[in-house]
Amino acid sequence: MRRLLDVLTSRGTSIALMAFVAVCGAIGAYIPQSSPGREATIAAWRARNPLLAGVADALGLHAIFSSWWFLAMLAVFAVVLGIATLRMLAGAWRAWSGEGRVARTAIVGASADDIAARAQAVGYRQRRVAGDARVFARHRVGVWASAILHVGMFVSLIAAAVALGSTRGAILDLSEGEVHSPGDAYWAVEDAQAVPEIGVPIRFDGVTVATWPGGGLREVSATLSTRDGSGSWTPRVVSVNHPLRLNGHTIYAQPGEFGDAAFVIFRTDEGVEYPVRIEFPFIEEGDVAYTEEPYDVGGVVVDARWDPYAVRAAEPLGLRPAGDDSSEPVTLAEGGTGTVAGLTVEYIGTAQWARFIIQREPGMTVLLIGFSIIALGSLMLYGWIPRELALVETDEGVRYGWHAARMSRAYVAERDAILGLDAGTGEDA
Amino acid sequence: MEQALAIETPLHVFALVAYAIAAGCVVFGTTMSKPGIARAGHTLALVGLAVHSVALGLRWYGTGHGPYLTRYEVLSSNAWVAMTFMQALRWRRPVSAYLTTLIYPAVLLLLGLAVYTGPEVQMLPLTFRGVWLVLHVCFYFVAFAAALISLGHGVLYIARDTTLVQRVANVPDAATLDRESYRFAGLTFAFWGIGMLTGAIWAYYSWGRFWGWDPIETWSLVTWFVYGIYLHARRFYGMKGRSAAMLLLLGFVLAILSLFFTSFLTTSLHSEYFH
């Protein structure tokens, strides 16, 4: 057991695991990974690489990052990292609280006071006097750097696993003035068993858009109002890159997921009514929008066009049976009626619509803290290299012990200048 | 704004010409023992850097966003950061001037490619906003410059016995080259890692997820891991010399792949970047 633990926590195992993740990453970056909407990309790659396609299928390489063996290896990596981190913390504590270096190397005729003055001039501070030895240190806090970096990696890895495993996501589709109340259905949920519940009614009040002079979206912000216990509404703004935090949930606005919606009612000859909200993507002045997918209305499939700017501005809504490119669409103004594929259609009105992502993300705060710890450790690792100098005054001169925790050869010149030696003639403790 | 854009392109070309002459002077001066010519090259590089700075500033003003979106902007910014990094290093440690024989031509290549791709302006997409994106990009620029300096030492180490390198003035001994490549690889690892993390935070605010195994993200992680393996192997297994320099070369190739080539090879969430 002890031997297994030693093997698992050895540096060789760490390097092997890093190499494993790197190789898997390279494979996963080269072979397209399956996700909704990438079927065509995968098919094209398979057509180009018929030999590799068989291997990819056999080993599940199109979903390498969610394969059981990759996740298992990541779990082993987390365990190894955790144990190694504990050992590093213990080592850093020993270095932090230890007695300091032993002064062994002698410099005949030197003065400890002169050396101490030169050390202090370049930033060394006297740490303690232990017996007859004076111990100086520079960037002493740097002894924690490696441990801090690895703590950050461990915390991030665990928080990422928690966040990925427990995030509840849904998509909320609202039109202007519409209210989503607790318990209402979402447009789509990632996991039917884990629906995020914000707990307060939310009303969509509209989208504000700014465009660049030459075209293209510059700013998009949506206003969502929430109702408190007294029944009053409080407006809140959510924009792309600035999600809204609400009751432990995060609400994201998405570029391209908003625009105008036409409210229409289709009626059959038998009097059956189908109210439909036809959503069009946002268009800039002079453009025309088309629905991304046809609408199925009681078995009749309809395409729609939205043209509010040009010659059809008076009757901006166009409808026709899906796939029928030969006939002219029926165009309607608000309040107007017409007939499409045997159905009577009435155009009731227009409003903005927007689609929001709602997520409950336990672990995200911890993950961001983990990231900060990694950043701190990385900067400490190469910004604060701890050096320590012990000096003992003797009858013949001075005995010294000098040590840099990392990259000691880079500080040889500093060491020898402090000790008053010719460059490269000093020794590490 | 349009005036600024009309001026920045000729200024970029001027900086390119200055860098070209500077690189020629420095390579010729240091290999042919003509210190006066090398000094003139360094002065010209500083002039080029000043003009390049103005050009990038005008580009920033003209487009309304930082120079980090199109190929032109990304390559030019990388060239600027690498040149600034090199000049800072030379100012702090004049002895490191030997490295300019590699870094000046590399900067010339980057800026030459930038000018070749053309200064077409692209408006910043909605998701490419915010302080986290700016931090993400800045840390990668610095990481790339550090990787370039590190590789420069590694290349000099590998080629130190060749006649050409032996002619370069003041090239330090093999141990110093090896040590310096290690130091700057450490800096690359630190800044690359922070660049990746700030990118994850930007992705979280933009798309609601911090990591998506997007090809550019994944290559970036692979690069970071390779630098991590390099640092572990050096510190704990005493790897140094030629094998260390070769591993560094692999890391640099991966860095180039993830920063500049992945967007050519595959579709990515970063697809607006480097186009």
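Residues numbered from 1 in each chain as written. Chains lettered and ligands numbered in written order. Predicted model: local features only at pLDDT ≥ 70, side-chain atom pairs only at ≥ 80, totals over all residues. Heavy atoms only, no water.

Enquirer: Even after reading the chapter, I still don't get the overall build of chain B, so can you show me in this structure?
Expert: Within chain B one finds nine helices and zero strands. Taken from the N to the C terminus, the helices and strands of chain B come in the order α-α-α-α-α-α-α-α-α. For chain B, whose C-alpha radius of gyration is 19 Å, the value lies close to the compact-globule estimate of 19 Å for 275 residues. Counting the 275 residues in chain B, one finds 60% classified as buried. As displayed, chain B offers around 10,800 Å² of accessible surface, 70% of which is attributable to carbon and sulfur atoms. (Helix = DSSP H or I, 4+ residues; strand = E, 2+ residues; numbered from the N terminus. Rg over C-alpha atoms; globule rule 2.2 N^0.38 Å. Buried < 20%, exposed > 50% of the residue type's maximum accessible area, 1.4 Å probe, protein only. Areas by Shrake-Rupley, 256 points an atom, 1.4 Å probe, with all protein chains shown as cover.)

Enquirer: Sorry, what's going on with the interface of chain A and chain B here?
Expert: Where the parts come together, the accessible area they lose is often given as the size of the interface. Counting residues at the interface gives 54 residues for chain A, matched by 44 residues for chain B. Of the roughly 4,400 Å² buried between chain A and chain B on both sides combined, carbon and sulfur atoms contribute 71%. Among the residues of chain A in contact with chain B, Trp212(A), Asn241(A) and Tyr382(A) are the three that bury the most area, contributing 15% of the side total. Summed over the shared surface of chain A and chain B, the result is one salt bridge. Linking chain A with chain B are 11 residue pairs in polar contact (both at pLDDT 80 or more), by the criterion used here. Elements represented by at least two residues in the side of chain A that touches chain B include exactly helix H2 (11-30), helix H5 (68-97), helix H7 (145-166), strand E8 (217-227), strand E11 (249-267) and helix H8 (364-383) of chain A. Here the element with the most residues in the side of chain A that touches chain B is H2(A); it accounts for 10 residues. Grouping the amino acids of the side of chain A that touches chain B by side-chain chemistry returns 34 nonpolar, 12 polar and eight charged. (Contact = heavy atoms within 4.5 Å. Buried area = accessible area lost by both parts, 1.4 Å probe. Salt bridge = Lys/Arg side-chain N within 4 Å of Asp/Glu carboxyl O. Polar contact = N/O pair within 3.5 Å; in protein donor to acceptor, adjacent residues only side chain to side chain. Nonpolar A, V, L, I, M, F, W, Y, C, P; charged D, E, K, R; others polar.)

Enquirer: What is the right way to read unusual backbone geometry from this model?
Expert: Excluding glycine, a negative phi dihedral is what most residues carry, and trans is how most peptide bonds are arranged. All names here are of chain A. Phi angles above zero are rare outside glycine, and Asn241 is one such case at about 80 degrees. Structurally, Asn241 can be placed in the loop between strand E9 (233-239) and strand E10 (244-246). Overall, the relative accessible area of 7% leaves Asn241 in the buried class. A positive phi angle, close to 50 degrees, is found at Ala341, a residue other than glycine. By the secondary structure assignment, Ala341 is in the loop between strand E18 (337-340) and strand E19 (343-360).

Enquirer: How should the confidence of the model for chain B be read in this particular structure?
Expert: Close inspection of predicted coordinates is inappropriate in any region flagged by low pLDDT. Residues and elements named next belong to chain B. When pLDDT is averaged across chain B, the result is 91; 98% of the residues are at 70 or more. Of all secondary-structure elements in chain B, the lowest mean pLDDT belongs to helix H6 (residues 163-167), at 83, while helix H4 (residues 100-117) reaches the highest, 96. ipTM for the predicted complex: 0.87, alongside a pTM of 0.88. (pLDDT = per-residue confidence, 0-100.)

Enquirer: Even after reading the chapter, I still don't get the nonpolar core, so can you show me in this structure?
Expert: Taken as a class, soluble globular proteins show a tendency for nonpolar side chains to be buried jointly. By size, the foremost hydrophobic cluster in this structure holds 142 residues, and its most contacted members are Ile115(A), Leu389(A), Tyr230(B) and Phe260(B). When residues of this core are assigned to their parent elements, the largest contribution, 17 residues, is made by helix H7 (residues 174-207) of chain B. The residues touching Leu389(A), leaving out its near neighbours within four places in the chain, are Ile115(A), Ala119(A), Tyr124(A), Arg134(A), Val135(A), Phe136(A), Tyr400(A), Gly401(A), Trp402(A), Ile418(A) and Leu419(A). Among the nonpolar cores identified, the runner-up in size contains 23 residues, and Phe204(A), Val240(A), Ala354(A) and Ile358(A) belong to it. (Core = buried A, V, L, I, M, F, W, Y, C linked by side-chain atoms within 4.5 Å.)

Enquirer: It is not clear to me how the sheet that holds strand E7 (residues 202-211) of chain A should be interpreted in this structure. Could you clarify?
Expert: Sheet strands pair via backbone hydrogen bonds, and the direction of the pair is either parallel or antiparallel. All names here are of chain A. The four strands are arranged E5-E7-E8-E9 in an open sheet whose pairing can be described as antiparallel. In this open sheet, the two edge strands, each paired with only one partner strand, are strand E5 (179-180) and E9. Pairing of E8 with E9 involves seven bridges; the strand directions are antiparallel. Each bridged residue has a counterpart across the sheet, and for Ser221 the counterpart in E9 is Ser239. (Pairing = 2+ DSSP bridges.)

Enquirer: Would you mind going over the packing of aromatic side chains with me for this structure?
Expert: Working definition: an aromatic ring pair is given by the centre-to-centre distance plus the angle between the planes. One pass over the full model with this rule turns up 25 aromatic pairs over all chains. With a centroid separation of 6.2 Å and 65 degrees between ring planes, the pair formed by Phe85(B) and Phe184(B) is classed as edge-to-face. Here the residue Phe85(B) occupies a position in helix H3 (residues 71-92), and Phe184(B) occupies one in helix H7, the gap between them amounting to 99 residues. By relative accessible area, Phe85(B) is classed as buried at 17%. Classification of Phe184(B) by relative accessible area gives buried; the value is 8%. Summarising the aromatic geometry, the rings of Phe189(B) and Trp224(B) are spaced 4.9 Å apart at their centres and angled 5 degrees between planes, so their arrangement reads as stacked. Here the residue Phe189(B) occupies a position in helix H7, and Trp224(B) occupies one in helix H8 (residues 215-237), the gap between them amounting to 35 residues. Of the two residues examined, Phe189(B) and Trp224(B), each falls in the buried class. Above the ring of Trp233(A), the side-chain terminus of Arg203(A) is found at 4.5 Å from the ring centroid. (Phe/Tyr/Trp six-rings, centres within 6.5 Å; stacked < 30°, edge-to-face > 60°. Lys NZ or Arg CZ within 6 Å of the ring centre and 35° of its normal.)

Enquirer: In this structure, what is going on with the sheet that holds strand E2 (residues 125-130) of chain A? I would like to understand it.
Expert: All names here are of chain A. Overall, antiparallel pairing links the five strands, which are arranged E1-E21-E20-E3-E2 in an open sheet. Of all the strands in the sheet, the pair left with one neighbour each is strand E1 (105-108) and E2. Taking the axes of each pair of neighbouring strands and ignoring which way they run, one obtains an average angle of 25 degrees across the sheet. Contacts from helix H6 (residues 112-121) reach E1, E2, strand E3 (133-138), strand E20 (387-393) and strand E21 (397-404), with the element oriented near 165 degrees to E20. (Axes fitted to C-alpha atoms, helices over the stretch in contact; angles between N-to-C directions.)

Enquirer: Is there a simple way to explain the pairing of E7(A) in this structure?
Expert: Within a regular strand, side chains alternate between the sheet's two faces. Residue and element names in this part refer to chain A. The pairing of E5 with E7 spans two bridges and is antiparallel. Across the sheet, Val179 pairs through a bridge with Arg203, a residue of E7. Sheet topology note: the E7/E8 ladder contains nine bridges and is antiparallel. If you follow Gly206 over to E8, its bridge partner there is Thr223. Taken together, E7 and the strand that follows it, E8, pair antiparallel across an intervening segment of five residues, in which Gly215 is found at a positive phi of about 100 degrees.

Enquirer: I'm lost on the pattern of salt bridges in this one. Help?
Expert: For side chains of opposite charge, pairing can occur when their charged atoms come near one another. Within the structure shown, the criterion is met by 24 salt bridges over all chains. A salt bridge links Arg134(A) to Asp113(A); the nearest nitrogen and oxygen atoms lie 3.0 Å apart. With Arg134(A) in strand E3 and Asp113(A) in helix H6, this pair connects stretches of sequence that are 21 residues apart. Of the charged contacts in the structure, one is a salt bridge between Arg179(B) and Glu180(B), with a shortest N-O distance of 3.4 Å. In terms of burial, Arg179(B) and Glu180(B) fall into one category: buried.

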